[in-house]
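# An overview of the molecular structure
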Amino acid sequence: MYELVQAVFNGDEKTALHQLIYTLSASGKHYFLRNEILQAFADYCHQSQKPAYFYYSSSVGKLIQYTHEIILEEQSTWFVVRPRIASQEVWKLTADFNSFEQMTPQALLNVSDRLVNRYQPHILEIDLHPFYESSPRIDDPRNIGQGLAFLNRYLCNQLLTDPQYWVEMLFQALQGLQNNGIRLLLSDRIPSGIHLAKQIKLALKLLNQLEPDEPYEKFRFDLEELGFEPGWGNTAARVSETLELLDRLIYSPEPGILETFVARVPAVFRVVLISIHGWVGQEDVLGKDETLGQVIYVLEQARSLENELREQIKLAGLDVLGIKPHVIILTRLIPNCEGTFCNLRLEKVQDTENAWILRVPFGEFNPEITNNWISKFEIWPYLENFALDAEKELLAQFQGKPNLLIGNYSDGNLVAFLLSRRMKVTQCNIAHSLEKPKHLFSNLYWQDLEDQYHFSVQFTADLISMNAAEFIITSSYQEIVGTPDTIGQYESYKCFTMPQLYHVVDGIDLFSPKFNLVPPGVNEKIFFPYSQKEDRDIKLGTQIHDLLFTREDPQIFGHLDNFNKRPIFAVAPITSIKNLTGLAECFGQSQALQERCNLILLSSKLHPDEATNPEEAEEIQKLHNIIEQYHLNGKIRCVGMRIPSNNIGEAYRVVADSQGIYVHFARFESFGRSILEAMISGLPTFATQFGGSLEIIENQENEFNVNPTDLEGTAKKILGFIEQCNTQHDYWQEVSEWMSQRIHNRYNWHLHSNQLLQLAKIFSFWNFVAPENNEARDRYMETLFHLIYKPRAEKILEKHMGANL
């Protein structure tokens, strides 16, 4: 980067930079983001009649392409430059253009504070870098999110470098395994790693004399004589394979062998999925709008994990001992549950043998509040006591400690941290969606937003839990580090200021192996291709067709004049982020789209008086205004009702029957569950280019990625697809099959659960052999909890109590 900066100071390049800054200054603003900067530079190049290469290939052009923020001060201009993914630099250009020097993150945070007139010379600095210094880390940004593969390679290298020590560590980890007092894998008859290596040879000799399918019970006591307890396998062949893997791992460690062996180790039986703020129920009670996707995710994950654990226990030969998997979804009990089952303490998860929803009430600080549903932005004061109460309930339900805690969203992740510290259990985090990058400048202007969102508490909770977690799973690579053009969600926590509260100098190590890409699946019993006619309910299909195209109902707005037009379909709550109004406006502005298509929107509500907050009411009214402004009556249908998942699955298929398309037009989407559902149903899908959907579709020509801020460009892309469908008879079908197969092969719950359990085992082992780094880090997190999080959460509680006096 230094060479590039120096090159900018040569002749014409320096003049161009000077002119650009002069143009930005003339706007009267002091802060500029990437899109504004690129547009200003493009305008300069056009007005100055610069050749095309100058915009992209000149030194100043490259500098501007890498620049994500510019801050203008009276005596200097600050550049936040991102020359590569997950790497950020700060440069300051003096007003006389004589000096361009690299600055520290602290200097950037100070100038950011001055930008909003909230600078103070002495402020708390949070720096997590020292806790990652001695830990192994990934070198290549392209491998971020592949922590499991990295750690497998690292551990194998350690085995080769110091085999005696690491074999002993492996032996001790295996020797400590048990379930409900039942010793697993190794007994005290094997006192050391060296002895283990010898006993493996004897065991393999014994097993080679047996038939491959000989049941474990037939030779169990022979193995126990050698020091091998249950858990190696359910047949002679399976036990032999597992012991051979361990033997090879001891003498010639390879990452593939380690991965396969660890997958067979029976170390996880009891799992807790923590999802606090949601309206966690089943059937027609799948959350409220802000929690719906998370509730569905957690329920499906629970079913899948229980299935995977049951299969692993069977293959390990432990089912005959009565060992069963036990999965608990931990959430809050809501007494005023509006006719749902959210006031039941314990509820079995449907289609499982031993997965349960455990609901623990909030402490009664004020029953008028805690007896009701509480927004995710107001929930913070109740989480510490909830964790203490939940610990007792979990220990009672499991009759022991769980093996794995999985947090969901900011609140669930914080509770996972609190429980993990108390119970000494492996912690996994799932963000779902981090609020900080969704709300532009939310950290810079946190004081102005505090009464509504309490971001000071939430962002602190995020920092605590993401650093304390043994591992983090994400749905996409971009969730961690974005793209060359955009900052990742976790990357946004790397360096930021909350003026007059604290500076985060280094908030997270993006190269840590704790980050792992493990995308979710989709329920293929509900969401399956429209072409699977034998699995479809004809009566339900007729009802859904009627709902989407013809039925008259107070909860349905609009009618269709011409049913032969190709339907454009979208499913989302009406929020500014999900941007159904943007899709309606895109449709309204394009006469060509209106001539060829109908627009069908499926949401949960349709009338402003149904809204739960002013922002939602405003967005609903905006949709009505767009329909009126563009005279869309006869061309659009808006269905405003909550319908069961089975019906939504059939809705995708009904639209596919008419060779329709699906459009996900969110301004930002960390992943996009409905994208998976639409694609696997066989609907050609256009999805926002901002977020994880880029990886779901992964289309090299970006044919199906759309920019929700470019309405004209989006319309052109959709029309281009329709034109191809009209001129190439099989094109719609080809795209439909390709998208459906992609989801089926890559985004399925079996893969998800298998990878998740593998991560839990390998990171539990890593924590076992290198606990000292984690202990220092977690004490730092506890300090942040008591110093910052807890006092600010108590202020929310005071507000709640005062509002109800």
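Below, the structure is looked at part by part. Residues take numbers from 1 onward in each chain, read along the sequence in its written order. For this predicted model, a pLDDT threshold of at least 70 governs which residues receive local features, and a threshold of 80 or more governs which side-chain atom pairs are given and counted, while totals over whole chains, interfaces and linings are taken from all residues. Side-chain metrics in this entry use all non-hydrogen atoms of the structure; hydrogen atoms and water are not considered.

With that settled, consider the overall build of the chain. Counting secondary structure elements, the chain contains 32 helices and 25 strands. The C-alpha radius of gyration of the chain comes to 29 Å, within 12% of the 28 Å expected for a compact globule of 805 residues. Here the chain holds 805 residues, and 59% of them are scored as buried. Residue-level accessible areas treat just the shown protein chains as cover; the underlying method is Shrake-Rupley with a 1.4 Å probe. Accessible surface computed for the chain: about 33000 Å², of which carbon and sulfur atoms make up 49%. We treat Lys and Arg as the positive residues and Asp and Glu as the negative residues; His and chain ends play no part in the count. Where a charge lies is defined by one atom per residue type, namely NZ (Lys), CZ (Arg), CG (Asp) and CD (Glu). Here the chain holds 71 positive side-chain charges and 102 negative ones, and the gap between their average locations is 2 Å. In DSSP terms, a helix is any run of H or I states spanning at least four residues, a strand is any run of E spanning at least two, and both are numbered starting from the N terminus. Restricting the calculation to C-alpha atoms gives the radius of gyration, and the globule rule supplies 2.2 Å times the number of residues raised to the power 0.38. A 1.4 Å probe rolled over the protein chains alone gives each residue an accessible area, and that area as a share of the maximum for its type sets the label: buried under 20%, exposed over 50%, partly exposed in between.

Here we take up the side chain of Ser-112. Locating Ser-112 in the fold gives a position in helix α6 (residues 105–115). Residues contacting Ser-112, with those up to four places away along its chain left out, are Ile-71, Leu-444 and Thr-497. Throughout, a residue-residue contact means that at least one pair of heavy atoms, one from each residue, lies within 4.5 Å.

Take a side-chain nitrogen of Lys or Arg and a carboxyl oxygen of Asp or Glu: if they are within 4 Å of each other, that pair is a salt bridge. Scanning the entire structure with this criterion turns up 39 salt bridges. In this structure, the salt-bridge partner of Arg-189 is Glu-225, at a minimum N-O distance of 3.5 Å. Taken together, the positions of Arg-189 in the loop between β8 (182–183) and α10 (193–207) and Glu-225 in helix α11 (residues 216–225) put the pair 36 residues apart, joining distant regions of the chain. On the basis of relative accessibility, which here comes to 49%, the residue Arg-189 falls in the partly exposed class. Owing to a relative accessible area of 55%, Glu-225 belongs among the exposed residues under this scheme. Note that Arg-653 is salt-bridged to Glu-650, the shortest N-O span being 2.9 Å. Here Arg-653 and its partner Glu-650 are both found in helix α26 (residues 645–657), three residues apart, which amounts to about one turn of the helix. Like Arg-653, the residue Glu-650 is buried in the burial classification.

Centres within 6.5 Å make a pair out of two Phe, Tyr or Trp rings, where for Trp the six-membered ring is used; the pair is then stacked when the planes are under 30 degrees apart, edge-to-face when over 60, and tilted otherwise. Counted according to the given criterion, the structure contains 38 aromatic pairs. With a centroid separation of 5.6 Å and 90 degrees between ring planes, the pair formed by Tyr-154 and Trp-766 is classed as edge-to-face. One end of the pair, Tyr-154, is in helix α8 (residues 147–161); the other, Trp-766, is in helix α31 (residues 749–769), with 612 residues separating them in the sequence. Owing to a relative accessible area of 17%, Trp-766 belongs among the buried residues under this scheme. Between Tyr-453 and Phe-455, the ring centres sit 4.9 Å apart and the planes meet at 5 degrees, which makes this aromatic pair stacked. Comparing Tyr-453 with Phe-455 shows no difference in burial state: the two are buried. One aromatic cluster is present, formed by Phe-377, Tyr-453, Phe-455, Phe-459, Tyr-493, Phe-496 and Tyr-502 through successive ring pairs. The ring of Phe-496 has Lys-436 sitting right over it, with the charged end atom 4.5 Å from the ring centre. By the criterion adopted, a ring carries a charge over it if an Arg CZ or a Lys NZ lies within 6 Å of its centre and within 35 degrees of its normal.

So, on to the pairing of strand β17 (residues 502–506). The element β17 is largely enclosed, with a buried count of five among its five residues. Across three bridges, the pairing between strand β6 (residues 125–127) and β17 is parallel. Bridge assignment links Glu-125 to a residue of β17, and that residue is His-503. Following DSSP output, two strands are said to pair if at least two bridges run between them.

Attention now goes to the pairing of strand β12 (residues 355–361). Counting buried positions along β12 yields five of seven residues, so the element is predominantly enclosed. By the bridge criterion, seven bridges tie strand β10 (residues 326–333) to β12 in an arrangement that is parallel. Bridge pairing in β12 links Thr-331 to Arg-359. Counted along the chain from strand β11 (residues 346–348) to the antiparallel partner β12, the turn is six residues long, and its residue Asp-351 has a positive phi close to 65 degrees.

We now examine the packing of helix α9 (residues 163–175) against α31. Under this scheme, a helix contributes an axis fitted over its contacting stretch, all axes are lines through C-alpha atoms, and angles between N-to-C directions fall in the 0 to 180 degree range. Where α9 contacts α31, the axes come no closer than 10 Å and their chain directions differ by 115 degrees. For the pair α9 and α31, the sense of crossing is right-handed. Contact with α9, carried on its side by Tyr-165, Trp-166, Met-169, Leu-170, Gln-172 and Ala-173, involves Phe-765, Trp-766, Phe-768 and Val-769 of α31 and no other residues of that element. A breakdown of the residues in the contact of α9 with α31 according to their chemical character gives nine nonpolar, one polar and no charged. Take the far helix as the reference: if the near one is turned anticlockwise from it by less than a right angle, the crossing is left-handed, and if turned clockwise, right-handed. Polarity classes work like this: nonpolar for Ala, Val, Leu, Ile, Met, Phe, Trp, Tyr, Cys and Pro, charged for Asp, Glu, Lys and Arg, and polar for all others, with Gly in that last group.

Attention now moves to the sheet that holds β17. Read from one edge of the open sheet, three strands run β6-β17-β16, paired in mixed fashion. Of all strands in the sheet, those with a lone pairing partner are β6 and β16 (496–498), marking the two edges. Direction aside, neighbouring strands of the sheet carry axes that sit 20 degrees apart on average. On top of the sheet, helix α20 (residues 455–468) reaches β6, β16 and β17; it is set at about 25 degrees to β17, its chief contact.

The backbone phi angle of Leu-185 is positive, close to 70 degrees, even though this residue is not glycine. Within the secondary structure, Leu-185 sits in the loop between β8 and α10. Among the residues examined, Leu-185 registers a relative accessible area of 2% and is labelled buried. Phi is positive for Asp-351, which is not a glycine, with a value near 65 degrees.

This paragraph deals with the sheet that holds strand β22 (residues 636–640). Reading across the sheet, the seven strands line up as β19-β22-β21-β20-β23-β24-β25 and stay open at both edges, with mixed pairing between neighbours. At either end of the open sheet lies a strand with only one pairing partner, and these are β19 (556–557) and β25 (705–706). In this sheet, strand β23 (residues 661–664) lies alongside strand β20 (residues 566–571) in parallel orientation, the contact comprising two bridges. Bridge pairing in β23 links Phe-569 to Tyr-662. Against the sheet, helix α29 (residues 711–727) touches β20, β21 (597–603), β23, β24 (685–688) and β25, its axis set at about 135 degrees to β20.

When two helices pack together, their arrangement is given by the angle between the helix axes and the distance between those axes. Between α10 and helix α12 (residues 236–251), the shortest axis-to-axis distance is 10 Å and the interhelical angle comes to 150 degrees. One element, α10, and the other, α12, form an angle in the roughly antiparallel class. Here α10 and α12 pass one another in a crossing that is left-handed. Residues Leu-196, Ala-197, Ile-200, Lys-201, Ala-203, Leu-204 and Leu-207 of α10 touch α12, and the partners they reach there are Ala-236, Val-239, Ser-240, Leu-243, Glu-244, Leu-246, Asp-247, Ile-250 and Tyr-251. Residues belonging to the contact of α10 with α12 are distributed by class as follows: 12 nonpolar, one polar and three charged. Roughly parallel refers to an angle under 35 degrees, roughly antiparallel to one over 145, roughly perpendicular to one between 65 and 115, and oblique to any angle outside these ranges.

With that out of the way, let us pick up the environment of Trp-279. As for its position among the elements, Trp-279 is in the loop between β9 (270–274) and α14 (292–315). Residues Trp-279 and Val-295, 16 residues apart in the sequence, show an inter-C-alpha distance of 7.7 Å.

Given a rise of 1.5 Å per residue, 12 residues ought to cover 16 Å, and the 16 Å separating the end C-alpha atoms of helix α22 (residues 538–549) matches this to within 8%. Every buried residue of α22 is listed here: Leu-540, Gly-541, Ile-544, Leu-547, Leu-548 and Phe-549. Taken end-on, α22 shows its buried residues confined to a sector of 165 degrees, consistent with a single buried face. For α22, exposure combined with an orientation more than 90 degrees from the buried face picks out Ile-538, Lys-539 and Thr-542. Taken together, the buried residues of α22 touch β19, β20, β21, β22 and α26. For this analysis, a polar contact is any N or O atom pair within 3.5 Å, provided that within protein one partner can donate a hydrogen and the other can accept it, and provided that sequence-adjacent residues contribute only side-chain to side-chain pairs. Sitting at the amino-terminal end of α22 is Asp-537, which places a side-chain oxygen 3.0 Å from the backbone nitrogen of Lys-539. Expected span, for any helix, means 1.5 Å times one less than how many residues it has. The arc in question is formed by the directions pointing from the helix axis toward the C-beta atoms.

Our focus in this paragraph is α20. Owing to its 3.6 residues per turn, the α-helix brings residues three or four apart onto one side. Along its 14 residues, α20 runs 20 Å from first to last C-alpha, staying within 8% of the 20 Å computed at 1.5 Å per residue. For α20, the tally of buried residues reaches 14 of 14 residues, placing the bulk of the element in the interior.

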